[in-house]
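Take a look at the letters that make up each chain.
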Amino acid sequence: MYPEYSELRDALGVRHTPVTAPARIVSLVPSITELLFALGLADQLAGRTHYCIHPAPAVKQIPSVGGTKKIHYTRLQALRPTHVIVNIDENPRELAERLMADGLPVIVTHPLAPEDNIALYRLLGGIFRREAAAERLVAAFEQALARLRATTWPARRVLYLIWRQPWMGVSRDTYIARTLALVGWETLPAATESRYPVVEMNQDLLDMAELILFSSEPYHFQQDNLACFARDYACPLEKLRLIDGEMTSWYGSRAIRGLDYLARLAEAERQHLESAIRLT
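The structure contained in this document is the topic of the report that follows.

1. A short note on the environment of Val106
Summarising the element assignment, Val106 is placed in strand E4 (residues 106–109). Here Val106 falls in the buried class, since its relative accessible area comes to 7%. C-alpha of Val106 to C-alpha of Thr82: the two residues are 24 residues apart in sequence and 8.9 Å apart in space.

Set out below in structure tokens:
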């Protein structure tokens, strides 16, 4: 019925076979935990991390095995999982290798662009026999993406901050940067060796950035952080913004809402920019 599900390969190219009985899934990726609920797999979710907070309050009923970097391994083993889902960016490689060495089926994920959500929906939908639910998500995502692309967005240079002390940003080789690029926002610095570089706050960078975005995760920036930044770096407060990091960095089912969120944000910024131009 769905030819797209004839071969199910994860981010490492490992081929997975669709289940023939209910699974016991441990998800070590917060956004994928939410996706499993959206696929109708709540009753097969045996474990999660304590960073897996959506959908609330239902997710609280799922046992936690610790964080995304450090888990209680014996607690995970006690859950007798049939599948463990990990992500290349969010979970240590050594953890995935240990799980594989212990004979646990590990599904490795690594979306690098918003469009990769389609393959992610189909991978998990195919493995856990939720093809119809996956296709509903594919349709909703494609519609949201089409709405976003129906508008021509003005190009803007943005500095997207994820941490302080030290300041850290995102390179253009990240899911976040490619998401922002959908509305014409190009992340700074333009070239970095690290995908999540430490950022030196110098005047050239501050002058180049037309918007400075303070994410709600992994560091939870708040309004007073913007005021302090403006004071410490003599930076105009009007170009500093808080941004919902879940909407720009979470792949999975939340990415659908994330595209609509980004469109609203970009439209507000365009109107603000046009208003400023009229006043000059």
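Here the narrative resumes.
2. Some thoughts on the sheet that holds strand E2 (residues 45–47)
In spatial order, the strands read E2-E1-E3-E4; together these four strands make up an open sheet with parallel pairing. If you trace the sheet from one side to the other, it starts and ends with E2 and E4, each paired once. Put simply, the sheet's adjacent strands are angled 30 degrees from each other on average, direction ignored. Pairing analysis gives three bridges linking strand E1 (residues 25–27) to strand E3 (residues 83–87), with the strands arranged parallel. Pairing of Val26 across the sheet is with Val84, part of E3. The strands touched by helix H3 (residues 93–101) are E3 and E4; relative to E4, the strand with the most contacts, the crossing angle is about 155 degrees. Where helix H4 (residues 116–127) meets the sheet, its contacts fall on E3 and E4, and the angle it forms with E4 comes to roughly 170 degrees.

3. A look at the nonpolar core
Counting residues in hydrophobic clusters, the biggest one holds 56 residues, and the most contacted among them are Tyr121, Leu124, Phe128, Leu180 and Trp185. Broken down by element, the residue count for this core peaks at eight residues, all from helix H5 (residues 131–149).

4. Describing the packing of helix H1 (residues 30–38) against H4
H4 packs onto H1 with a crossing angle of 60 degrees between their chain directions and a minimal axis gap of 11 Å. Classed by the angle they form, the pair H1 and H4 counts as oblique. The way H1 lies across H4 gives a crossing that is right-handed. Where H1 abuts H4, its residues Ile32, Leu35 and Leu36 lie against Leu120, Tyr121 and Leu124.

5. Focus: the pairing of E4
Of the two faces of E4, the one lined by Val106 and Val108 and the one lined by Ile107 and Thr109 are each fully buried. As paired elements, E3 and E4 share four bridges and run parallel to each other. Along E4, the bridge assignment pairs Asn87 with Thr109. Read from E3 through H3 to E4, the crossover connection turns out right-handed.

6. Some words on the packing of aromatic side chains
The relative placement of two aromatic rings is captured by the distance of their centres and the angle of their planes. Evaluated as defined, the whole model comprises eleven aromatic pairs. In this structure an aromatic cluster arises from ring pairing among Trp163, Trp167, Phe214, Tyr219, Phe221, Phe229 and Tyr233. The side chain of Arg98 reaches across the aromatic face of Tyr73, ending 3.6 Å from its centre.

7. Side note on helix H8 (residues 223–232)
Taken residue by residue, H8 has Asn225, Leu226, Phe229 and Ala230 as its buried positions. Down the axis, H8 shows its buried residues gathered within 135 degrees of arc, on one side only. Those residues of H8 hidden inside the fold are in contact with strand E5 (156–161), helix H7 (203–208), strand E7 (211–215) and strand E8 (240–243). Once H8 ends, the next one or two residues include Ala234, with phi positive near 50 degrees.

Conventions used here
Residues numbered from 1 in each chain as written. Predicted model: local features only at pLDDT ≥ 70, side-chain atom pairs only at ≥ 80, totals over all residues. Heavy atoms only, no water. Helix = DSSP H or I, 4+ residues; strand = E, 2+ residues; numbered from the N terminus. Buried < 20%, exposed > 50% of the residue type's maximum accessible area, 1.4 Å probe, protein only. Pairing = 2+ DSSP bridges. Axes fitted to C-alpha atoms, helices over the stretch in contact; angles between N-to-C directions. Contact = heavy atoms within 4.5 Å. Core = buried A, V, L, I, M, F, W, Y, C linked by side-chain atoms within 4.5 Å. Parallel < 35°, antiparallel > 145°, perpendicular 65-115°, else oblique. Left-handed = near helix turned anticlockwise from the far one by under 90°. Right-handed = clockwise from strand over helix to strand, strands pointing away. Phe/Tyr/Trp six-rings, centres within 6.5 Å; stacked < 30°, edge-to-face > 60°. Lys NZ or Arg CZ within 6 Å of the ring centre and 35° of its normal. Arc of directions from axis to C-beta.

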